[in-house]
Amino acid sequence: MGNIDQEVVNKVIKIVKKKKIDFPESYVNDIAEACIRRELTDKELETLIVRVKKAYERSKVESGEAIGTVAAQSVGEPGTQMTMNTFHYAGVVELNVTLGLPRLIEIVDARKTISTPTMAIYFDEDHKFDEEFAKKTASKIAKITINNVLDDDLHIDYGQMNVEVIISQEKIKEKHLDFDEIVSKLEAKLKKHTFEIEDNKITIAPKVDKRTKNGIQIRDIRLLVDKIRHFQISGVKDVNRVIIRKDEQWVLHTEGSNLKAVLKMEGIDKEKTTTNHIHEIYTVLGIEAARNAIIKEALHTLDEQGLSVDIRHVMLVADMMTADGSVKSIGRHGISGTKSSVLARAAFEETGKHLLNASIRGEVDELTGIIENIIIGQPIPLGTGSVGIKMKNN
Amino acid sequence: MNSTKIYMNGELIGVCENPEEFVTEMREKRRSGQISEEMNITYYDKTSEIYIFNDPGRARRPLIIVKNGIPLLEDEHIQEITEGKLKWDDLIVNGIIEYLDAEEEENSYIAMGINDLNEDHTHLEIDPSTMLGICAGIIPFSNHNSSPRNTMEAGMTKQALGLYVSNYMHRTDTRAHLLHQPQTPMVKTRIIDATDYDKRPSGQNFVVAVMSFEGYNMEDALILNKSSLERGLARSSFFRSYETFERKYPGGQEDKFEVPGKGVRGYRSENAYRHLDEDGIINSESYVESGDVLIGKTSPPRFLEEIDEFGSANEKRRETSVTVRNGEKGIVDAVLLTETVEGSKLTKIRVRDTRQPEFGDKFASRHGQKGVVGLILSQEDVPFTENGVVPDLIVNPHAIPSRMSVGQVLEMVAGKSGCIKGERVDGTPFNLDIESEIRNFLTDNGFEPNGCESLYNGMTGERIEAEIFIGVAYYQKLHHMTTDKMYARSRGPVQVLTKQPTEGRAREGGLRFGEMERDCLIAHGAALALKERLLDESDKYEAIVCGKCGMLSVHDKIRNKIYCPICGEVDSFPVEISYAFKLLLDELKSLCVFPKLILEDKA
């Protein structure tokens with residue numbers, strides 16, 4: 001909005017201050033823009049501001065409005081229409097992301113482990129269009145095991161009781177790896193084994209010691225083979241696969257998520273890079289980021305199913321989940337389970353537990369909530385029930 | 001090392017080295033009659049397992065055995081069967097046809113028709129439609145329908161009224177529906193023949209016009225011709241049987257069938273007993289309504305030595321008559337007097353009620369096209385064709401395209417041509433060349449081949465601009481009828497424990513204001529409307545609460561004093577709460593939790 005005349009903006013701000021109106025900042029700019037476009041006189045501008053003020057006031061939620069229930073219904077009703085179609089190829093080809101109802105449940109449950117964590121990694125200004133850099137980073141992030149760089153397959157020699165690992169030079173070159181590095185990593189992992197290196201062939205055999213006094217069993221060799229095969233030689237922890245895509249710039253999509261490790265890497269756009277794992281965002285970036293992530297993910301999930309829910313309902317849900325500084329779930333262990341009212345908690349789940357604990361502690365229910373008042377048969381403190389009569393003190 | 005495990009009825013009984021050979025030999029033995037034909041054997045080469053089954057409860061179906069691409073059933077056999085020399089069982093005994101279960105089907109390669117046969121086939125379908133069961137087999141042209149519609153119809157056939165048994169006059173089913181004048185369907189299938197559906201049909205052939213009519217058939221509603229109904233179309237009877245017996249109690253006392261005297265505990269009004277004969281049992285053909293006594297019965301008092309005000313033991317018998325159910329009426333159809341195994345007198349009474357179709361009764365065609373009656377129109381107002389044919393039923397055209405029940409369209413044209421021809425039409429699924437036959441026949445008889453006709457507005461006599469699709473379809477009356485469901489309540493009985501209204505129509509219960517309905521009132525902020533639903537119109541209770549300790553006080557009605565059981569005579573205040581909440585407080589107290597109500601002035 002650089003093209004708006006600062007003079008007009010100041011004029012608007014002046015009137016707004018004079019009228020003692022509390023507007024969001026963006027309104028001021030919008031009004032200024034309209035003023036220039038329509039060539040309003042000062043008097044007309046003042047009328048406009050007063051009218052906008054009225055409309056703004058009118059569209060505010062009135063006190064006593066059951067926003068929580070309305071938000072719950074507004075998210076819940078489209079939820080019933082969601083198809084149970086769990087896996088859907090959306091966004092990126094060949095990357096499976098949980099969507100639909102299971103994903104929505106996952107979000108509101110504030111799960112610590114989600115079923116399909118995935119990241120979108122962007123690059124900074126210098127590397128935005130650098131294909132080579134994108135590929136290099138991808139191979140740094142992606143999980144590579146010995147199995148991925150084998151020339152053929154592992155050769156097991158039951159006569160010699162050893163395992164031959166033949167590393168493909170081409171494959172490691174393609175993946176920007178170093179042969180000596182692989183060997184040293186393997187040696188660090190398999191300390192009780194002997195190593196023989198010959199060109200690109202590594203022969204590994206278990207050392208004979210006290211533990212293996214009965215000789216080396218076939219089973220030991222087989223276990224060793226599995227160990228070697230799945231030994232990770234490169235990559236970020238918890239990230240399995242990386243897919244490189246070019247939209248407007250190079251983007252990496254991952255299967256598995258580790259935001260902390262990725263953000264530490266060179267050449268990454270730390271603002272745009274993101275994950276769909278809300279709890280990870282909370283631990284790495286903090287509660288406000290987690291709130292935004294909840295809103296984004298929930299809206300995206302609903303939108304993908306062709307359902308439109310007003311963002312303010314989702315924002316309220318996210319606010320409730322993050323209000324006390326940690327991500328709380330909606331349910332027994334979160335919002336419903338930590339209400340202050342005994343009766344409200346008992347009415348939800350685990351009735352016996354809540355009543356027992358309340359009686360031990362001698363809890364007092366102030367009966368300020370909705371559920372409590374329904375239970376005891378009082379008008380609820382909402383809507384028409386939120387008003388009362390007060391005597392004038394003379 | 002790689003022996004194949006053999007399981008018989010799920011139990012491991014042994015192993016074998018050459019499974020293919022073993023299985024083939026077993027099958028040969030079954031076909032030659034050395035082993036029971038009920039045995040089925042399956043070999044899974046992937047898991048090296050052989051399954052043998054011979055237990056009851058498996059669904060099996062017959063197939064023609066094929067050897068080297070040639071079916072064993074030959075023309076001679078068919079010839080002999082038509083002559084009556086050969087029977088079905090002979091074909092099985094001779095190993096020409098065999099029954100496969102679901103497991104053994106996995107091992108076979110079944111050809112759909114004789115033209116598809118090749119060297120690899122092991123079996124040949126007798127007819128493609130044999131893969132359908134009884135319910136799905138009733139649907140004509142089901143191969144032209146979308147699968148959900150066929151599934152729905154298979155479910156609805158079971159709800160259709162018809163001739164459910166032929167000895168219904170001699171039975172006392174608790175509940176039974178019977179369709180008057182059931183008809184055999186104009187369009188039949190071979191499965192209908194095979195299952196003898198024609199002997200116990202469950203529907204009637206309706207002349208159906210597909211058109212919208214004054215909006216009374218929106219959303220799957222149906223419009224019925226009143227005159228057709230008066231001629232007995234879709235009329236049914238409902239039977240309900242009541243029974244009771246003279247129970248014998250320990251101590252020599254017993255129940256007695258009689259007209260209860262006025263002194264009996266729980267005596268109903270005199271009017272309720274008006275139909276009873278001297279023996280306390282109603283006579284047949286009397287018209288009864290709900291509450292009327294069918295069998296007058298008294299029982300001995302529950303507790304002996306009930307002492308009345310004057311101090312003498314008073315033998316007062318209880319009234320335990322059987323009455324007509326709430327909301328039902330009818331005519332006593334049959335009275336049956338007999339005795340129980342113990343020799344006590346036993347009475348069964350069957351009440352009959354005629355049901356002419358009314359608004360809200362449910363009907364369905366054989367293609368999952370169900371709907372409820374939305375309008376019953378006098379014949380003079382129903383549109384009619386050039387020939388003067390007036391449809392029995394008008395369905396909305398919107399019911400067809402999105403559901404893709406093309407079978408219904410075909411059935412209607414087929415039914416129409418059958419009616420003209422005067423013979424039934426075969427609508428067996430997968431019979432592919434019937435459509436053109438029907439079309440040609442209609443054209444030859446001066447009808448449009450697509451089944452459309454000009455209709456005239458019954459009210460104005462004007463020709464309806466659009467051509468209307470009209471034909472004959474078999475419709476079923478389903479056992480969801482308005483009279484069984486219609487209900488309302490203003491006041492009525494409450495539950496003993498919670499003092500909330502009872503649940504369900506049979507108990508004259510309230511209409512549940514559930515959790516989601518509650519949420520809606522909360523969302524609207526209608527606090528007082530919500531309180532009215534949940535408290536005033538439910539279990540309102542005025543509790544007296546002790547101002548000192550917060551427990552419920554006692555109102556001694558005899559001395560007219562209010563006191564608290566803990567604090568004695570201190571100030572107590574009336575508080576309006578729900579009885580359910582009072583019950584919660586009581587239950588907490590019984591668990592040694594002391595819930596105190598802290599009172600405050602209302603803001």
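Residues numbered from 1 in each chain as written. Chains lettered and ligands numbered in written order. Predicted model: local features only at pLDDT ≥ 70, side-chain atom pairs only at ≥ 80, totals over all residues. Heavy atoms only, no water.

Colleague: Tell me about the overall build of chain B, and name the residues and values.
Modeller: The secondary structure content of chain B amounts to 14 helices and 33 strands. The C-alpha radius of gyration computed for chain B amounts to 35 Å, which surpasses the reference 25 Å derived for 603 residues by more than 25%, pointing to a less compact arrangement than a globule. When the backbone C-alpha atoms are referred to their principal axes, chain B occupies close to 100 × 85 × 65 Å. A burial count over chain B gives 43% of its 603 residues as buried. For chain B, long-range pairs separated by at least 24 residues make up 65% of all intrachain contacts whose partners lie at least 6 apart in sequence. Averaging the locations of the 72 positively and 98 negatively charged side chains of chain B gives two centres separated by 8 Å. (Helix = DSSP H or I, 4+ residues; strand = E, 2+ residues; numbered from the N terminus. Rg over C-alpha atoms; globule rule 2.2 N^0.38 Å. Buried < 20%, exposed > 50% of the residue type's maximum accessible area, 1.4 Å probe, protein only. Contact = heavy atoms within 4.5 Å. Lys, Arg positive; Asp, Glu negative; His and termini not counted. Charge placed at Lys NZ, Arg CZ, Asp CG, Glu CD.)

Colleague: Quick one: what's the story with the pairing of strand 2 (residues 11–16) of chain B, residue by residue and with numbers?
Modeller: Consecutive side chains of a regular strand alternate in pointing toward one face of the sheet and then the other. Residue and element names in this part refer to chain B. Note: strand 1 (residues 4–8) against strand 2, five bridges, orientation antiparallel. Opposite K5, over in strand 2, you have V15 as the bridge partner. Connecting the antiparallel pair strand 1 and strand 2 is a turn made up of two residues, with N9 showing a positive phi of about 50°. (Pairing = 2+ DSSP bridges.)

Colleague: Explain the interface of chain A and chain B to me, and be specific about the residues and the numbers.
Modeller: The interface of chain A with chain B comprises 22 residues on the first partner and 23 residues on the second. Across the interface of chain A and chain B, roughly 1700 Å² is buried in total on both sides, 71% from carbon and sulfur atoms. Area buried by chain A at its contact with chain B is led by I374, I376 and P379 of chain A, which between them contribute 24% of it. Scanning the region where chain A abuts chain B turns up zero salt bridges. At the surface where chain A touches chain B, the tally comes to three residue pairs in polar contact (both at pLDDT 80 or more). Of all the elements in the fold, those that place two or more residues in the side of chain A that touches chain B are helix 4 (67–81), helix 16 (351–361) and helix 17 (370–376) of chain A. If one sorts the elements of the side of chain A that touches chain B by residue count, helix 17 of chain A sits on top with four residues. A class-by-class count of the residues in the side of chain A that touches chain B yields 13 nonpolar, eight polar and one charged. (Buried area = accessible area lost by both parts, 1.4 Å probe. Salt bridge = Lys/Arg side-chain N within 4 Å of Asp/Glu carboxyl O. Polar contact = N/O pair within 3.5 Å; in protein donor to acceptor, adjacent residues only side chain to side chain. Nonpolar A, V, L, I, M, F, W, Y, C, P; charged D, E, K, R; others polar.)

Colleague: Tell me about the sheet that holds strand 6 (residues 162–166) of chain A, and please be specific about residues and values.
Modeller: Consider a sheet: its strands pair through backbone hydrogen bonds, and that pairing is either parallel or antiparallel. All names here are of chain A. Pairing is antiparallel across the open sheet formed by four strands, whose spatial order is 5-6-8-7. Because the sheet does not close on itself, it has two edges, and the strands there are strand 5 (155–157) and strand 7 (193–198). Sheet twist, expressed as the average angle between the axes of neighbouring strands with direction ignored, equals 20°. Taken together, the four bridges between strand 6 and strand 8 (residues 201–206) define a ladder with antiparallel strand orientation. Bridge assignment links V165 to a residue of strand 8, and that residue is I202. Here helix 10 (residues 218–229) sits on the sheet in contact with strand 5, strand 6, strand 7 and strand 8, set at roughly 20° to strand 6. (Axes fitted to C-alpha atoms, helices over the stretch in contact; angles between N-to-C directions.)

Colleague: Residues and numbers for the packing of helix 13 (residues 287–304) of chain A against helix 14 (residues 311–322) of chain A, please.
Modeller: Residues and elements named next belong to chain A. Contact pair helix 13 / helix 14: the axes reach a minimum separation of 9 Å and the direction vectors enclose 140°. Taken as axis vectors, helix 13 and helix 14 run oblique relative to one another. As for how helix 13 packs across helix 14, the hand of that crossing is right-handed. Along the contact surface, helix 13 presents I287, R291, I294, I295, A298 and L299, while helix 14 presents I311, V314, M315, A318, D319, M321 and T322. (Parallel < 35°, antiparallel > 145°, perpendicular 65-115°, else oblique. Left-handed = near helix turned anticlockwise from the far one by under 90°.)

Colleague: A description of the pairing of strand 10 (residues 241–246) of chain A should follow, citing residues and the corresponding values.
Modeller: As paired elements, strand 10 of chain A and strand 11 (residues 250–255) of chain A share six bridges and run antiparallel to each other. Along strand 11 of chain A, the bridge assignment pairs R241 of chain A with E255 of chain A.

Colleague: Could you give an account of the nonpolar core, with specific residues and numbers?
Modeller: Counting residues in hydrophobic clusters, the biggest one holds 39 residues, and the most contacted among them are I121, F123, I141, V242, L252, I294 and M321 of chain A. Contributions of two or more residues to this core are made by helix 5 (101–108), strand 3 (118–122), helix 6 (131–141), strand 11, helix 11 (259–263), helix 12 (278–285), helix 13 and helix 14 of chain A. The biggest single contributor to this core is helix 13 of chain A, with six residues. Counting residues in each nonpolar core, the second largest holds 28 residues, with A234, L393, I434 and L442 of chain B among its members. (Core = buried A, V, L, I, M, F, W, Y, C linked by side-chain atoms within 4.5 Å.)

Colleague: Can you break down the pattern of salt bridges residue by residue, with the values?
Modeller: Residues and elements named next belong to chain B. All chains considered together, the criterion is met by 61 salt bridges over all chains. Ionic pairing is found between D586 and K582, a salt bridge with its closest N-O pair at 3.1 Å. Of the two residues, D586 and K582 both sit in helix 14 (residues 579–590), four residues apart, roughly one turn of that helix. For D586, a relative accessible area of 28% translates into the label partly exposed. Using a relative accessible area of 14% as the deciding quantity, one classes K582 as buried. Within the structure, one salt-bridge network assembled from shared partners comprises R27, R30, R31, E98 and E104.

Colleague: So what's going on with the sheet that holds strand 22 (residues 345–355) of chain B? Residues and values would help.
Modeller: All names here are of chain B. The five strands are arranged 10-14-22-21-16 in an open sheet whose pairing can be described as antiparallel. Every interior strand has two partners, whereas the edge strands, strand 10 (175–179) and strand 16 (287–289), have only one. Across the sheet, the axes of successive neighbouring strands diverge by a mean angle of 35°, strand direction being ignored. As defined by bridge partners, strand 21 (residues 329–339) adjoins strand 22 across eight bridges and the pair is classed as antiparallel. The residue bridging T338 from the neighbouring strand is L346, located in strand 22.

Colleague: Would you mind going over empty space enclosed by the protein in detail, with residue names and values included?
Modeller: Using a probe with the size of a water molecule, rolled over the atoms, empty space left in the structure can be pinpointed. All names here are of chain B. Considering all chains together, one arrives at seven cavities of 30 Å³ or more under this definition. Size it by volume and the largest cavity reaches roughly 80 Å³. Contributing to the lining of the largest cavity are D220, L222, Q369, K370, G371, V395, N396, A399, I400, Q408 and Y475. (1 Å grid on protein atoms, 1.4 Å probe; cavity = no way out; pocket = protein on both sides within 12 Å on 5 of 7 lines; lining within 4 Å. Points joined across faces, edges and corners; volume = space filled by probe spheres on them.)

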